[in-house]
Amino acid sequence: MARPVASVPAMGGAKTSFSPLALRGPSWDGRFTVLILFLPPALLLFTLFVVLPIGEAAWYSGFNWNGFGKPTNWIGFDNYRFVLETRAFWLALRNNGLIIAVSLAVQLPLALALALMLAERLRGAVALRMLFFMPYILAEIATGLIFSFVYDGDYGLVASIWHAFGAEPPHLLASTDTAMLAVLIVIVWKYFGFHMMLFIAALQSLDKSLIEAARIDGATRTQTLRHVVIPLLYPTIRLSVFFAIVGSLQLFDLVMPLTRGGPADSSNTMVSFLYNNGISRMRVGYGSAIGVILFAICVTFAFTYKRWFMRDE
Amino acid sequence: MRLLEKLGLAAAACLLMANVAIADTTVKWLHIEVNPAQVKIWEEVARAYEASHPGVKIEMQFLENEAYKAKLPTILQSKDRPNIIYSWAGGVLETQIEAGVLDDITDQVKGYSDSLTPAALAAFTSNGRIYGLPIALSQVGFLCNKELMAKAKVDPAGIKTWDDLLAAVKMLKAAAVTPIVVGGADKWPLHFYWTHLAVRIGGKSAFDAAVRGENGGFAGETFQKSGELFKQLIDLQPFQNGFLGFKNPQAVGYFGDGKAAMTLAISTVYNLQRALAADKVGLSEDKICWFDFPVVAGGKGAPTDTLGGITGWLITKDSPKEAVDFLKYFISKDVQTRLAAGNFIIPVVQGADAGLNNSFMKLIAANLAKSNYHQNFYDQSLGPSVGRVVNDVSAEIAGGSMTPQEAAKAIEAARKQGN
């Protein structure tokens, strides 16, 4: 890596000739100025909005506290023990895993397939792209409400399809067996368009000469796709996977209007579990413990992923 | 001249400022009432108060029930908190008092408080200090649809024991009538079954002992048994399809639409079903019936024991004195009589029940008068952290994901973790 020596001499350049650091050139001094000028605001914001809240949550998680006044009842790691002893927590964790699995196994391949079809500048492709992207624009809470009507076992769209076949319609959101499945369908519907757009953008910026070269060498369409196009898309795919996983871990606002995590906690995610316990029950310490656990999972994932899969980006 | 002018201006400014100062008192009043007819009367009362008390403005704010409960701790600690808030008394109130977010209004209501039903006032009293004023009492029992009951040849007056209820459910099912509608998504409507069974099986002594952690606390025999009896009912599949996905207002509307024969509900639903029915008409008085929660063979509770709510208003910390003054006006004999006459409440001001003009409301008032043990809803009296677990496990028993024994143990575990 080239050091940006030449790019910063303007800053404090005159002084450097007298300074003991002169031998190292103006770079150190210049970089120092940049550091002094630009680091504090960033550091301040980061501390204020990231480090402090997390530190606070970690502090609160040691208390049995209902959110009123100052916490006083220190119970150490008991909140973590309570969380890990709760069946609903493991259900929520499993559900997050399910969401990740479905995002990776269904949503991304679907998005990729559609992107491959719609990346060409064909007639109608733009309209279709917009159509598929539309669910992503819709607010999560509105999506949830709309689908809670669609799934309604008495009046919903699903019910009328069932009625058309002369069968008794199921109440998908009211059964522990189907609630999570129903939520997953909404998730795929809502987010595949976003990933499709990422893929389309990547496809359109590919170096066409590589594909042409493959064609000239006699590669079939499938071969070109497998050996040229998709490898070229890897950086975008890795980014998509990252977004999908982090998004899945944070999922909350779709679940609340659909099921509120129910019935019997069967469709809780980590965040809705946190809300239902930490906020609704005024168990702030307990909720903070969940938050810290969730944070640890997210950070571990993000760093590992960055390190292993996105090293060059 | 100039001096005079200046003086005149100054005087005028002073007057203006004084006027502004008088008009400055705003009492913010946060409520959760969804019945528009009742809210309309409240509005009128507030406007009437403003008219007779120049300079005071009563500002009504609304939050939906569940949202209200979820936001309350934050609202109460905000600098911009409302002055008057809704309350179900019980453990939540105790927590709020401990946290010091409420005003002690004992001195301000001296004398006036004698006009209130003592039991109702007691719910808002802690260590001899008064923190709020009650507004209404309610009873939980079965509302029924006369036509549907008749269709299945069930006599509501004949349902006296738990077994009678189970038999009635079977007959209704045989007649292809949905026996009971419940808003299972909100969970608390399901906890009425579990808690009322506990009230019937163990009575007051069992509850008090459990709160103190005696006899195995909530994992004890009484509470396991209430789960088991509830499970007997669940095994008959008495509820409407998809009951775990129904919110309470939806369920009340469903009953108002005449789609189910019964609903275990707070007595106020008698009125509310009209507002929430699809046609906004609901069931007329001659089509609706009521029976008290059935007794359990061998239960220690008296048949006259009641489960229900004691609701009222609290004054938050550092509120203007006008807030209490308005409450006294709002919970006066005149206004209570008016609300009673509209069949919205069982009044708490002595003498206001003369306003009750309908046989149903008179019946509930008489039931409450007879009751020696009025148990406040468990999810309120046990506080949010334990009470919500009672709601949870009731829904889990109903959904078949927990056994009655596991349910009882879960509540006891929550009680021990406490808050």
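Above this text you will find the structure in question.
Residues numbered from 1 in each chain as written. Chains lettered and ligands numbered in written order. Predicted model: local features only at pLDDT ≥ 70, side-chain atom pairs only at ≥ 80, totals over all residues. Heavy atoms only, no water.

A. Focus on the overall build of chain A. On a plain count of helices and strands, chain A comes out with 13 helices and zero strands. The C-alpha atoms of chain A give 26 Å as radius of gyration, which overshoots the globular expectation for 313 residues (20 Å, by more than 25%). Overall, the C-alpha framework of chain A stretches about 90 × 75 × 30 Å when taken along its three principal axes. Expressed as a percentage of its 313 residues, the buried residues of chain A come to 42%. Pairs at least 24 apart in sequence give 64% of the contacts found in chain A among residues at least 6 apart. (Helix = DSSP H or I, 4+ residues; strand = E, 2+ residues; numbered from the N terminus. Rg over C-alpha atoms; globule rule 2.2 N^0.38 Å. Buried < 20%, exposed > 50% of the residue type's maximum accessible area, 1.4 Å probe, protein only. Contact = heavy atoms within 4.5 Å.)

B. Quick peek at the sheet that holds strand β6 (residues 132–137) of chain B. Residues and elements named next belong to chain B. Taken in spatial order, the five strands line up as β2-β1-β3-β11-β6 in an open sheet, and their pairing is mixed. The open sheet has two edge strands, β2 (56–62) and β6, and neither has a second partner. Between one strand and the next, the sheet's axes are offset by a mean angle of 20 degrees, whatever the strand orientation. When strand β1 (residues 25–31) meets strand β3 (residues 84–87), the two strands line up parallel, connected through two bridges. Residue Leu30 lies in a different strand from β3, and its bridge partner there is Ile85. (Pairing = 2+ DSSP bridges. Axes fitted to C-alpha atoms, helices over the stretch in contact; angles between N-to-C directions.)

C. Expanded view of the pairing of strand β11 (residues 310–315) of chain B. Residue and element names in this part refer to chain B. Taken across its six residues, β11 has six buried, putting it largely inside the fold. Along β11, one buried face is formed by Ile310, Gly312 and Leu314 and the opposite face, lined by Thr311, Trp313 and Ile315, is buried too. Bridge count between β3 and β11: four bridges; the pairing is antiparallel. Bridge pairing links Ser87 to Gly312 in β11. Inspection of the sheet shows β6 paired to β11 by five bridges, in the antiparallel sense. What sits directly across from Pro134, in β11, is Gly312.

D. Representation of the nonpolar core. Membership of the largest hydrophobic core comes to 144 residues, with the highest contact counts inside it found for Trp29, Met262, Trp313, Phe330 and Ile331 of chain B. If you tally residues by element for this core, the top one is helix α8 (residues 188–212) of chain B, at 11 residues. One finds Tyr80, Leu108, Phe192 and Val246 of chain A within the second-largest nonpolar core, a separate group that totals 47 residues. (Core = buried A, V, L, I, M, F, W, Y, C linked by side-chain atoms within 4.5 Å.)

E. Structural detail: the side chain of Ser266 of chain A. Residue and element names in this part refer to chain A. When you line up the elements, Ser266 lands in the loop between α11 (255–258) and α12 (270–279). Residue Ser266 is classed as buried on the basis of its relative accessible area, which comes to 7%. A distance of 2.8 Å separates the side chain of Ser266 from the backbone oxygen of Pro263, its partner in a polar contact. If sequence neighbours within four positions are ignored, Ser266 has contacts with Arg94, Asn95, Thr176, Ala179, Met180 and Gly261. (Polar contact = N/O pair within 3.5 Å; in protein donor to acceptor, adjacent residues only side chain to side chain.)

F. Quick look at the sheet that holds strand β7 (residues 140–145) of chain B. Residues and elements named next belong to chain B. Within the open sheet, the three strands sit side by side as β8-β7-β9. Their pairing is antiparallel. At either margin of the open sheet sits one strand with a lone partner, and together these are β8 (262–266) and β9 (288–291). On average, each strand axis in the sheet is inclined to that of its neighbour by 35 degrees, with strand direction left out of account. Pairing of β7 with β9 involves four bridges; the strand directions are antiparallel. Residue pairing in the sheet places Leu143 in a bridge with Trp290 of β9. Lying over the sheet, helix α11 (residues 269–276) contacts β7, β8 and β9, oriented at roughly 115 degrees with respect to β8.

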